[in-house]
Amino acid sequence: MENETLFNEEAEPPGPRTGLVVAQDETTNFLSLSTDNQQTSLAKSKPERLYFPFKDSPRSRAFRKKHYPDISRIEWFDWRWQFQNAIRDVHTLDTIIHLSDNERQAMMHPSGDLPVAITPYYASLISTVDAASPLRRSVVPVVDECLHTKGEEEDPLCEDADSPVPGIVHRYPDRVLFLVTDICATYCRYCTRSRIFGRQHQCFIDTAKWEKALAYIESNPNIRDVLLSGGDPLTLSDDKLEWLLSRLKDIPHVELVRIGTKAPVVLPQRITPALTSMLKKYHPLWMSIHITHPDELTPEMSAACIRLADAGIPLGSQTVLLSGINDSVSTMTRLVHGLLQIRVRPYYLYQCDPIPGSSHFRTPISKGLEIIQGLRGHTTGYAVPTYVVDAPGGGGKIPLLPEYAIGWDKGDLMMRNYEGNIFRYPDNHAESKDIH
């Protein structure tokens, strides 16, 4: 059965009908491809279709033929090739999109630590002409990053202060954040941890550091949940990632492991049958995927998520609310509906963290509440994420909701529903308190 989408892949850029692709899970010999030489020889001897875990979209094929005419499909589908050939300089990016003066100036005179890196695959999704388009704004710097406003901090969440050993952030009693790498395949311009990418001599991919972090987890029996993040853990090789997972699985009090990643979105080629086969051995394993906009719901990304879900990995989305990118009820509705169709549960909607140079991305809190109000009751509850502010100063995630509970009247709870109508609930416990 051929892949089908709810949007026209030939369009530039993906339009408002972005949605699901019904992914074809072809039988593949992809696991046997370990080197470029092997790939070349195998491609000559057997039909090409046997070696690909994905069916690439017409848009992706057209982009590859235009900008990478000498690159074979095998190379394009190799996540290592995508990772190693990420676009990092103004000259290369300018040959692919028509950079505005603002963008060109920002790339030539970077203001902070966060580098530019865009995988060729993700570059194929970016509008070539519209500098205000959502995906382009997410990954291409502008001079607004130089503007630092009140309240912005390099480490607004005070993660460093809650780090007992390098790589571990221990804020909540029963869980830790384990920063296993300081590398991403593509850098989001609003990244909370942009501070770590420019630090000298801070390579998280260090066995000695990992050992200290693992020893800390092992020595704290209250830790039952470990979140692997970074950077992006899926930029690690299968062997390194499995080494970490196996070590964590050997710690008796660690009940589950989560992986925070954007790889299925910017590097869907990473989600190989070999990877999912390995991950299945370490259940219960969960995955939180950073997804920004419905234009990211491509056939390749959808196939990656479906492959992970088929491996029994529960998937949740983490979306940062961004001004002019996804800050409307209609955009968020398209996103959450598309996510449910590929078995990704909308999990968190984050208020953008106040890192330096982020004011052009941040929305008023009222905008987040407006979006939640526009979703709650108007669509299935599974599609409604929790809107949270990760409190500056290390306060942790604080959920925010529109005002549905109005107050009490004669022992009844007064409530406003999604249509604005008022209802009573007989809260007998409250009434007895009133009497006594």
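Being a predicted model, the structure only gives us computed values, none of them experimental.

Here we come to the overall build of the protein. Summing up its helical and strand segments, the protein has 17 helices and 14 strands in all. Within the span of the protein, comprising 436 residues, buried residues form 53% of the whole. Counting contacts in the protein only where the partners sit at least 6 residues apart, residues at least 24 apart contribute 72% of the total. Looking at the protein as shown, the accessible area adds up to about 19,700 Å², and 52% of this sits on carbon and sulfur atoms.

With that out of the way, let us pick up the sheet that holds strand β14 (residues 422-426). The sheet built from 3 strands is open, its strands ordered β12-β13-β14 with antiparallel pairing. Both edges of this open sheet fall to β12 (405-409) and β14, since each of them pairs with a single strand only. Across the sheet, the axes of successive neighbouring strands diverge by a mean angle of 25°, strand direction being ignored. As defined by bridge partners, β12 adjoins strand β13 (residues 412-416) across 4 bridges and the pair is classed as antiparallel. Across the sheet, residue D409 finds its bridge partner in β13, namely D412.

Strand pairs in the sheet, formed through backbone hydrogen bonds, run parallel or antiparallel to each other. Strand order across the open sheet formed by 9 strands is β3-β4-β5-β6-β7-β8-β9-β10-β11, with mixed pairing between neighbours. The outermost strands of the open sheet, each flanked by one partner alone, are β3 (168-169) and β11 (396-399). Judged from the 3 bridges that link them, strand β9 (residues 344-351) and strand β10 (residues 386-391) form a sheet pairing that is parallel. Across the sheet, residue Y348 finds its bridge partner in β10, namely T386.

The next thing to look at is the confidence of the model for the protein. Predicted confidence across the protein gives a mean pLDDT of 87, with 84% of residues reaching 70 or more. Contacts from residues 1-51, a stretch scored under 50 in pLDDT, to residues over four places away or in other chains number 98 contacts.

A few words now on the nonpolar core. Ranked by size, the top nonpolar core spans 84 residues in total, and within it I118, F178, I217, L228 and L279 carry the most contacts. The dominant element in this core, judged by the number of residues it contributes, is helix α14 (residues 299-310), at 6 residues. Not counting chain neighbours up to four residues away, the residues in contact with L228 comprise F178, V180, P233, L241, L245, L248, V257, R258, I259 and G260. Formed by 10 residues, the second largest nonpolar core is a distinct cluster that contains Y190, V320, Y350 and C352.

Counted by the stated rule, this structure contains 10 aromatic pairs. Ring plane angle 85° and centroid distance 5.5 Å describe the contact between Y68 and W81, whose orientation is recorded as edge-to-face. Highlighted residues: Y68 in the loop between α2 (58-67) and α3 (73-76) and W81 in helix α4 (residues 79-84), separated in sequence by 13 residues. Note on accessibility: Y68 and W81 belong to one class, buried. In this structure, R175 is placed above the aromatic ring of Y172, and the distance from its NZ or CZ to the ring centre is 4.2 Å. Above the plane of the ring of W79 lies R270, whose end atom (NZ or CZ) is 4.1 Å from the centre.

What follows deals with unusual backbone geometry. Of note, the bond from H283 into P284 is cis; its omega dihedral lies within 30 degrees of zero at 0°. Within the element layout of this structure, P284 appears in the loop between α13 (273-279) and β7 (285-290). Phi at R343 is positive, roughly 65°, even though this residue is not glycine. Its location among the elements puts R343 in the loop between α15 (329-341) and β9. For R343, a relative accessible area of 42% puts it in the partly exposed group.

What follows concerns the environment of R362. Note that R362 resides in the loop between β9 and α16 (365-375). Exposure remark for R362: the relative accessible area of 25% places this residue in the partly exposed category. For the pair R362 and G324, spaced 38 residues apart in the sequence, the C-alpha separation amounts to 9.4 Å. Once residues within four sequence positions are removed from consideration, R362 is found in contact with T149, E152, S323, C352, D353, P354 and I355. Only 2.7 Å separates the side chain of R362 from the side chain of S358, close enough to count as a polar contact.

Let's shift gears to the packing of helix α10 (residues 207-218) against helix α11 (residues 238-249). Orientation of α10 relative to α11, taken along the N-to-C sense of each, is 20°, at an axis distance of 11 Å. As the angle between them shows, α10 and α11 are arranged roughly parallel. Pair α10 / α11 crosses with right-handed handedness. Only K240, W243, L244, R247 and L248 of α11 make contact with α10, whose side of the interface consists of T207, W210, E211, L214 and I217. For the contact of α10 with α11, the class distribution of residues is 6 nonpolar, 1 polar and 3 charged.

What counts, and where the lines are drawn
Counting restarts for each chain, with residues numbered from 1 along the sequence as it is written. Local features are withheld for residues below a pLDDT of 70 in this predicted model, meaning they are given only at 70 or higher, and side-chain atom pairs are given and counted only at 80 or more; totals for whole chains, interfaces and linings count all residues. Think of the side-chain values as coming from all heavy atoms in the structure, minus any hydrogens and water. Put simply, DSSP marks the helices as runs of H or I at least four residues long and the strands as runs of E at least two long, and each gets a number from the N terminus on. Burial classes: relative accessible area under 20% of the type maximum marks a residue as buried, over 50% as exposed, and values in between as partly exposed (1.4 Å probe, protein chains only). Contacts are residue-level and defined by heavy atoms, with any inter-residue pair within 4.5 Å sufficient. The method behind every accessible area is Shrake-Rupley, applied with a 1.4 Å probe, and residues are considered shielded solely by the protein chains displayed. Strand pairing follows a simple DSSP-based rule, namely that at least 2 bridges must link the two strands. Only C-alpha atoms enter the line fits that serve as axes; for helices the fit covers just the stretch in contact. Angles between N-to-C directions range over 0 to 180 degrees. Along the chain, pLDDT gives the predictor's confidence residue by residue, from 0 to 100. In these notes, a set of buried Ala, Val, Leu, Ile, Met, Phe, Trp, Tyr and Cys residues joined through side-chain atoms within 4.5 Å is what counts as a nonpolar core. Note on ring pairs: Phe, Tyr and Trp rings are taken, using the six-membered ring of Trp, and paired if centres are within 6.5 Å. Classes follow the plane angle, with under 30 degrees stacked, over 60 edge-to-face and the rest tilted. In this scheme, Lys NZ or Arg CZ marks a charge over a ring once it lies within 6 Å of the ring centre and within 35 degrees of the ring normal. Two N or O atoms count as a polar contact when they lie within 3.5 Å, although within protein this holds only if one can serve as hydrogen donor and the other as acceptor, and sequence-adjacent residues are included solely when both atoms are side-chain atoms. Oblique is the label for every angle not falling under 35 degrees (roughly parallel), over 145 degrees (roughly antiparallel), or within 65 to 115 degrees (roughly perpendicular). Left-handed describes a crossing whose near helix is turned anticlockwise from the far helix through less than a right angle; right-handed describes the clockwise counterpart. Gly is put with the polar residues, along with every residue not named as nonpolar or charged; the nonpolar set is Ala, Val, Leu, Ile, Met, Phe, Trp, Tyr, Cys and Pro, and the charged set is Asp, Glu, Lys and Arg.

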